[in-house]
Every structure is written in C-alpha cells, then in structure tokens.
Amino acid sequence: MSLENGLLGPLLLARGGVDRSGALRGDEAWLKSAWADPGTRVLLVGDGRTLVRRSDGATTLLFVPPAEAPPGDRYLLGVGPDGVAYFAVAVDGPLTADAAGPAGAEVERAVQDIEHLPDQADVAAEGLRGVGALLDDRDAGLLVNAVALEAWHATHEHCPRCGARTEIVAGGHMRVCPDDGSQHFPRVDPAVIMLVHDGGDRCLLARGPQWPTRRFSVLAGFVEPGESLEHAVRREVLEEVGITVEEPRYLGSQPWPFPRSLMLGFIARATTTQITPDPAEIAEAFWISRAELGAAVGRGDLGVPPGLSIARRLIETWYGEPLPGD
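Residues numbered from 1 in each chain as written. Predicted model: local features only at pLDDT ≥ 70, side-chain atom pairs only at ≥ 80, totals over all residues. Heavy atoms only, no water.

Peer 1: Tell me about the sheet that holds strand E10 (residues 183–184), and name the residues and values.
Peer 2: Across the sheet, three strands lie side by side as E8-E9-E10; this open sheet has antiparallel pairing. What marks the edges here is a single partner per strand, and that holds for strand E8 (167–169) and E10. Bridge analysis of strand E9 (residues 174–176) against E10 gives two bridges, and the strand direction is antiparallel. When the bridges of E10 are listed, Arg175 appears paired with His184. (Pairing = 2+ DSSP bridges. Helix = DSSP H or I, 4+ residues; strand = E, 2+ residues; numbered from the N terminus.)

Structure follows, in structure tokens:
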C-alpha cells in the first residue's frame, strides 16, 4: 500500500465470488425452476443480520434449501461458478443472536429443519460489521448484496408518484407500481471519503460529535445533485474543516450498505492548513504525522476505523503499512 502505486489494499466489502446474473432476473421460468431446485441455497436476512456458523476457526454463512425457507420477499443474489443459484429471503422481524435461532415460529422451524445443522452453540445472528471481515469472498459478496436489497425494499414499498403499494419483480431488483406502471430500482447514495494530507508528513484526522472521544477517521460526505466527485471532495473538506484542497485522486470504492451508500475513496493535498471545524459536523480535528499516528494507535490512545472500512485503507495507504491492532 502506498500513495505512489495508488493501491488501497483489501476492500473487504467489495469482494464477491458469485455472478449477479442480471440477465436471469426477468426470466420467470428460470427463477421458478431455480427455486424448485433443492441444490439452490437461500440466505435468511432480517434487519441487516443473517445466520452464520463458526467452526474450526472459520466463519461461514448458513444457508437453507428453498423448501425450508420461510415466507418473505425473495431476491436473486446470483449464480456461482458451479451453477448453484443463490437467493435471499427477508424474514419478518430481526434475527435473534441467541443459540435458539431466529425469532418467529416459521423462521425458527426453518432453521431447526436444516439438514446437518451443526451444534447450535456455533450458530449466531450477525451483521456485516461483525463478520464482514471474517467471511470469504463469496459469502462477503452475498451478504453485502442481501443486506443492501433488504434495506431498500423495506423503505420503498410504495410508489413515490401515486402512493400505491408496489410489486417486487426482476428477482427482487425492481419494484413496479400496478397503478401507474412506473419502475423503481434499488437506490445507491454516492459518498466521497477522503484522506487529506499536507504534501509532507501529516494527514488530517477528525471526529464527529457523536463519536467516542478517542475515535478518529478521515472526512466524508454525500455527493450532491449535479456535482462531480472531485467537486464534492473539495466542498466537503472546506465545509467540514475550512481547509482548501487540490489534486483529489480517486483510489477505489466500496459498498457500505448502512443502508445504501457507495463510498468513493480519494486522497487530496491541502493548500491551507488552518483548521476551522463546523461544530455541527466535526467535534475535533487535527494534523498528525506518521510517527505520531503509529505511536498513538500502538498505545491505544487513538482509535482508527476497523479494517472492514475504506477509511482504514485510506489511512494505511498514506501511512505506508498496516497499523497495529484492528
């Protein structure tokens, strides 16, 4: 990782091992056939959580066959290289973290009926923040997709034009209004996230008012209508800390489905260094050198974002190597 080669290192929520199979979403015959196939795997998702299994040091998603899936909205996640189709089913209510399985009698029965279910002590309900970094490429990609779709569907059940209840089509990747025929697609909110450096040996870290006192990160903000990514970088930095920047350089992107952001990572050089925080956005901001950053993180005096986040990768790219701890 370095500024010279522009590599961000592993973006843990940008992985995947399953073809999203967009061409199959409108094929009702294929969808019906895939759902009838006992080899199809189904992921249960509720309020951003799913069931995972921990065994022999590995964390994997827990799937059910279609016949054992509970009722709920159904989304096609894609087809693996081995031809296995993957779906998600949104359960009614959150999954519980206790060993008994998910809440709700229908979901609980589905989990209890899973063939070869391991010791229940190894099964828990988890979200992306808890297990996203522990899953392999296939499982991480499937869970990101399922969580993002569930969050969008939960908040877009009605037509924004006429208020009628919309219907799910295209394998869960579109909703159609039965009254006016309008089509609605899953929403993604682009957000820029940027590490600002002074062209020398210092970068800028900041903390939001709602954050713990020792937790710091880089700056970020949503892209506004009619705005380029580069302009959003300059505007957000100026608005949040009163610093002007130039040469914003794009390094990579990662989905952040909490609930529907796409984080677009940049590094930018400051042309001014006087910090004037916007108190509504920033509680504290400061310049820090590489030596000071490594020492403070190593002592536990300064908390940085977890390895799951693109913010951590931006900081480590500028720092030049992984920071101690995670």
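Peer 1: An account of the packing of aromatic side chains is needed here, citing residue identities and associated values.
Peer 2: Under the definition given, this model contains five aromatic pairs. Here Phe216 and Phe286 contribute two aromatic rings whose centre-to-centre distance is 4.9 Å and whose plane-to-plane angle is 70°, an arrangement assigned as edge-to-face. In this pair, Phe216 sits in the loop between strand E12 (202–207) and strand E13 (219–222) while Phe286 sits in strand E16 (residues 284–289), placing the two residues 70 residues apart along the sequence. Judged by relative accessible area, which is 4%, Phe216 ranks as buried. Here Arg74 stacks its cationic end above the ring of Trp35, 3.7 Å away from the centre of that ring. (Phe/Tyr/Trp six-rings, centres within 6.5 Å; stacked < 30°, edge-to-face > 60°. Buried < 20%, exposed > 50% of the residue type's maximum accessible area, 1.4 Å probe, protein only. Lys NZ or Arg CZ within 6 Å of the ring centre and 35° of its normal.)

Peer 1: I'd like a rundown of the packing of helix H6 (residues 290–299) against helix H7 (residues 310–319), residues and numbers included.
Peer 2: Orientation of H6 relative to H7, taken along the N-to-C sense of each, is 130°, at an axis distance of 10 Å. Considered as vectors, H6 and H7 are oriented oblique to each other. As H6 packs across H7, the resulting crossing turns out to be left-handed. Packed against H6, whose contacting residues are Arg290, Leu293 and Gly294, the element H7 presents Ile315, Trp318 and Tyr319 at the interface. Class assignment of the residues belonging to the contact of H6 with H7 gives a composition of four nonpolar, one polar and one charged. (Axes fitted to C-alpha atoms, helices over the stretch in contact; angles between N-to-C directions. Parallel < 35°, antiparallel > 145°, perpendicular 65-115°, else oblique. Left-handed = near helix turned anticlockwise from the far one by under 90°. Contact = heavy atoms within 4.5 Å. Nonpolar A, V, L, I, M, F, W, Y, C, P; charged D, E, K, R; others polar.)

Peer 1: Quick rundown of helix H1 (residues 28–36)? Include the residues and the values.
Peer 2: Turning to H1, its buried residues are Leu31, Ala34 and Trp35. Along H1, the residues classed as buried sweep out an arc of 95° about the axis, all on the same side. Relative to its buried face, H1 has exposed residues pointing more than 90 degrees away, namely Ala29, Lys32 and Ala36. Taken together, the buried residues of H1 touch strand E1 (41–46), strand E5 (73–79) and strand E6 (85–90). (Arc of directions from axis to C-beta.)

Peer 1: Give me the pairing of E12: which residues, what numbers.
Peer 2: Where a strand is regular, its side chains alternate between the two sheet faces. Burial analysis of E12 places five of its six residues in the buried class, which makes it a mostly covered element. The pairing of E12 with E16 spans six bridges and is classified as antiparallel. For Leu205, the partnering residue across the bridge sits in E16 and is Phe286.

Peer 1: I'd like a rundown of the confidence of the model for the protein chain, residues and numbers included.
Peer 2: Model confidence for the protein chain is summarised by a mean pLDDT of 91, while 90% of its residues fall at 70 or above. Residue range residues 97–104 is modelled with pLDDT below 50. Its contacts to residues more than four positions away, or to other chains, number 15 contacts. (pLDDT = per-residue confidence, 0-100.)

Peer 1: Summarise the pattern of salt bridges; cite the residues concerned and give the values.
Peer 2: Counted under the stated rule, the structure contains 19 salt bridges. Arg269 is the salt-bridge partner of Glu246, the closest N and O atoms lying 1.8 Å from each other. Of this pair, Glu246 sits in strand E14 (residues 245–256) while Arg269 sits in strand E15 (residues 261–270), and the two are 23 residues apart along the sequence. For Arg269, a relative accessible area of 25% puts it in the partly exposed group. The salt bridge partner of Asp301 is Arg299, with a shortest N-O separation of 2.6 Å. Classification of Asp301 by relative accessible area gives partly exposed; the value is 38%. Residue Arg299 is classed as exposed on the basis of its relative accessible area of 57%. The network of salt bridges with common partners includes Glu224, Glu227, Arg235, Glu236 and Glu239. (Salt bridge = Lys/Arg side-chain N within 4 Å of Asp/Glu carboxyl O.)

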